Amino acid sequence: MPVWNFAAVWGGLASIVPDREAIVCGERRVTWGDFADRARRLSWYLARDARLEPGDKVAIDLTNRPEYLETFFAALLLGCVPVNVNFRYVADEVHHVLDDSDAKFVVHGPEQAKAVARAAKRIQRPWRPRLLEVGEPYERALAGASPPEVAPRAPSGDDLIFLYTGGTTGMPKGVMWRNEDLYVGLWAVSHPDRPDPSDPLEAARAGKRTGIMLPVAPLMHGTGLNVALATLAGGGTVVLIDQPGLDAELVWDTVEREHVEMLTLVGDVFARPLLAALDSHPGRWDISGLRGITSSGVLFSPDTKRALLAHLSGLTIIDTLGASEGLGPSNTSRAGDATNEPARFRISERVHVFDEHTGRDVTPGSDEIGLVAMGGHLPIGYYNDPARTAATFRVIGGERYSIPGDYATVDVDGTVRLLGRGSASINTGGEKVYPEEVELVLRKHASVFDCVVLGVPDPRFGEKVVALIQVTEGHYLDEAELAAWGRTKLAGYKAPRRFLFVDTIERSAAGKAPHQKLRALAIAHLSVAPTA
């Protein structure tokens with residue numbers, strides 16, 4: 001059986017298809033041979049000059065550029081642990097990740113230099129992380145490295161990867177994945193009927209490959225990283241756009257130029273600007289080769305799926321139920337489907353909805369609310385946090401499950417109806433309201449471009465439901481109109497009692513909204529505004 005370690009697989013692929021393109025970024029085209037050579041040179045620099053050893057942590061604070069994947073590859077060659085850092089983080093946030101992960105080395109971009117340097121200086125350890133800036137210092141390090149022909153160690157399936165969560169409900173925590181679990185888990189998501197991965201080296205010898213994939217989501221986010229890892233594990237090509245933020249026209253330019261076959265987004269947050277570009281420039285791009293669009297972390301709304309499929313009749317849209325803490329099943333939509341409802345997933349051996357208190361399966365069709373649990377290949381837990389590990393990764397009925405906190409009900413036919421993350425639920429008058437459920441309804445309104453639903457203190461109900469709305473460009477919408485419309489779509493206790501309009505939701509590169517900032521904004525506004 002092959003060793004299910006990304007570095008081991010990529011090294012094998014490089015020896016078979018050295019001239020095939022592994023990474024494309026603008027004018028840069030990195031072949032598999034170059035990818036492996038540069039990673040080996042960096043790994044030798046890390047071992048010889050930085051004195052890193054197996055198990056040491058290597059933080060990566062970069063936008064979507066080839067050096068991100070090169071550093072990831074190099075760390076795994078040494079048995080070191082790659083650690084993702086959000087490239088938008090300021091010094092305090094970078095310090096938290098470096099300190100929490102025990103990072104000994106940081107590869108960063110020029111734009112992140114000041115924040116990383118300030119963060120590293122604050123580390124109170126026997127060591128201070130060494131820094132390497134991408135650009136001339138990085139290239140000089142690679143040029144001066146002459147690694148031996150034989151690697152000092154063989155990569156193992158037990159080698160770790162850290163994936164730091166976005167921190168929307170607290171400070172980010174490092175989810176610890178074994179290489180084998182993440183590799184096999186990603187395979188299982190794409191091949192539910194074939195749980196054991198095929199030999200990628202045999203496939204490469206036969207000329208097979210996974211295709212050309214563009215992660216619009218950042219690599220520092222699990223959605224972007226996981227599809228890049230899976231694509232490279234299949235001998236495919238990853239296309240990158242090296243800039244923060246979403247430039248919809250640049251994305252479609254890149255899809256056309258590079259004949260991209262798969263796009264990876266984070267739900268409507270990314271899809272709606274891309275749709276707006278297609279609507280504004282009909283016929284501008286030849287994107288007929290695009291076969292699929294995937295989303296993980298945030299589901300597509302039905303209207304968004306219908307609009308995408310109207311532009312590309314041969315497209316498959318794939319919603320994946322996943323989180324940093326586990327990989328869930330997928331749901332597909334195609335043009336001509338009888339309905340394009342919100343993605344639904346069926347309970348199965350790997351997917352359960354358990355009663356929060358008893359741990360039993362909720363009864364389908366009972367309207368009981370439970371917690372979604374995902375089985376299969378799972379992370380070890382959270383780094384240096386046994387309490388949170390025990391709360392999230394639980395053994396029920398002799399099987400281990402990841403239960404990140406997503407609430408759901410189960411319909412009579414066994415399909416799971418997602419309600420949202422419990423940590424963000426709103427308790428209004430004793431009733432629980434799940435923001436994602438309300439947001440999904442509000443996005444059906446043509447004039448709502450983006451929205452966030454949250455709870456703010458209320459003297460009568462404890463909390464009241466408030467929606468912050470970003471209006472679609474060129475549209476007009478007032479609070480009374482939207483409130484009246486919402487009352488026709490939602491139960492009274494779920495319907496927002498106030499609507500506040502903002503210029504932008506200011507989502508992160510990973511598609512996450514700044515909930516604490518928005519909640520403070522809502523509270524400040526409502527403290528001087530009349531309540532509904």
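In what follows, the structure referred to is the one given above.
The shown structure was predicted, so the numbers you read here are calculated from the model rather than taken from an experiment. (Residues numbered from 1 in each chain as written. Predicted model: local features only at pLDDT ≥ 70, side-chain atom pairs only at ≥ 80, totals over all residues. Heavy atoms only, no water.)

**Quick notes on the sheet that holds strand β25 (residues 448-458)**
Spatially, 3 strands are ordered β25-β26-β27 in an open sheet, and the strand pairing comes out mixed. Of all the strands in the sheet, just β25 and β27 (498-501) have a single pairing partner and so form its edges. Here the strands of the sheet are splayed against their neighbours by 30 degrees on average, with no regard to which way each runs. Bridge analysis of β25 against strand β26 (residues 462-471) gives 10 bridges, and the strand direction is antiparallel. Bridge pairing links Gly 455 to Val 465 in β26. Its contacts with the sheet place helix α14 (residues 435-442) against β25, β26 and β27, and it is angled at close to 140 degrees to β25. (Pairing = 2+ DSSP bridges. Helix = DSSP H or I, 4+ residues; strand = E, 2+ residues; numbered from the N terminus. Axes fitted to C-alpha atoms, helices over the stretch in contact; angles between N-to-C directions. Contact = heavy atoms within 4.5 Å.)

**Regarding the pairing of strand β6 (residues 130-133)**
Where strand β5 (residues 103-108) and β6 come together, 4 bridges link them in parallel fashion. Directly across from Val 107, in β6, lies its bridge partner Leu 132. Where the polypeptide runs from β5 across helix α5 (residues 113-121) and back to β6, its parallel neighbour, the crossover connection is right-handed. (Right-handed = clockwise from strand over helix to strand, strands pointing away.)

**As for the side chain of Thr 165**
The residue Thr 165 is located in the loop between β7 (160-164) and β8 (174-178) in this model. Excluding residues that lie within four positions of it along the chain, Thr 165 makes contacts with Tyr 89, Pro 172, Lys 173, Val 175, Ser 324 and Glu 325.

**Concerning the packing of helix α1 (residues 6-16) against helix α3 (residues 66-78)**
The interhelical angle for the contact between α1 and α3, taken along N-to-C directions, is 110 degrees, at an axis separation of 8 Å. One way to sum up the angle between α1 and α3 is to call them roughly perpendicular. The segment α1 lies against α3, with Phe 6, Ala 7, Trp 10 and Gly 11 engaging Phe 72, Phe 73, Leu 76 and Leu 77. Class assignment of the residues belonging to the contact of α1 with α3 gives a composition of 7 nonpolar, 1 polar and no charged. (Parallel < 35°, antiparallel > 145°, perpendicular 65-115°, else oblique. Nonpolar A, V, L, I, M, F, W, Y, C, P; charged D, E, K, R; others polar.)

**Observations concerning unusual backbone geometry**
Within the chain, Asp 102 stands out as a residue other than glycine whose phi angle is a positive 65 degrees. Tracing the backbone through its elements, the reader meets Asp 102 in the loop between α4 (91-101) and β5. The residue Glu 506 is not glycine, and still its phi comes out positive at about 60 degrees. Within the secondary structure layout, Glu 506 lies in the loop between β27 and α16 (515-526). For Glu 506, a relative accessible area of 43% translates into the label partly exposed. (Buried < 20%, exposed > 50% of the residue type's maximum accessible area, 1.4 Å probe, protein only.)

**Overview of empty space enclosed by the protein**
Counted according to the given criterion, the structure contains 1 cavity of 30 Å³ or more. Space inside the largest cavity adds up to approximately 40 Å³. Contributing to the lining of the largest cavity are Ile 60, Tyr 68, Phe 72, Pro 82, Val 83, Asn 84, Ile 161, Phe 162 and Leu 225. For the lining of the largest cavity, the secondary-structure elements that each account for two or more residues are α3, β4 (81-84) and β7. (1 Å grid on protein atoms, 1.4 Å probe; cavity = no way out; pocket = protein on both sides within 12 Å on 5 of 7 lines; lining within 4 Å. Points joined across faces, edges and corners; volume = space filled by probe spheres on them.)

**A word on the pairing of strand β17 (residues 370-374)**
Each regular strand displays side chains that alternate between the two surfaces of the sheet. Counting buried positions along β17 gives 5 out of 5 residues, so the element sits mostly inside the fold. Both β17 and strand β21 (residues 406-410) contribute to a ladder of 2 bridges, which runs antiparallel. Residue pairing across strands places Leu 371 opposite Tyr 407, the latter belonging to β21.

Honestly, that's just the spatial picture; any functional story needs more than this.
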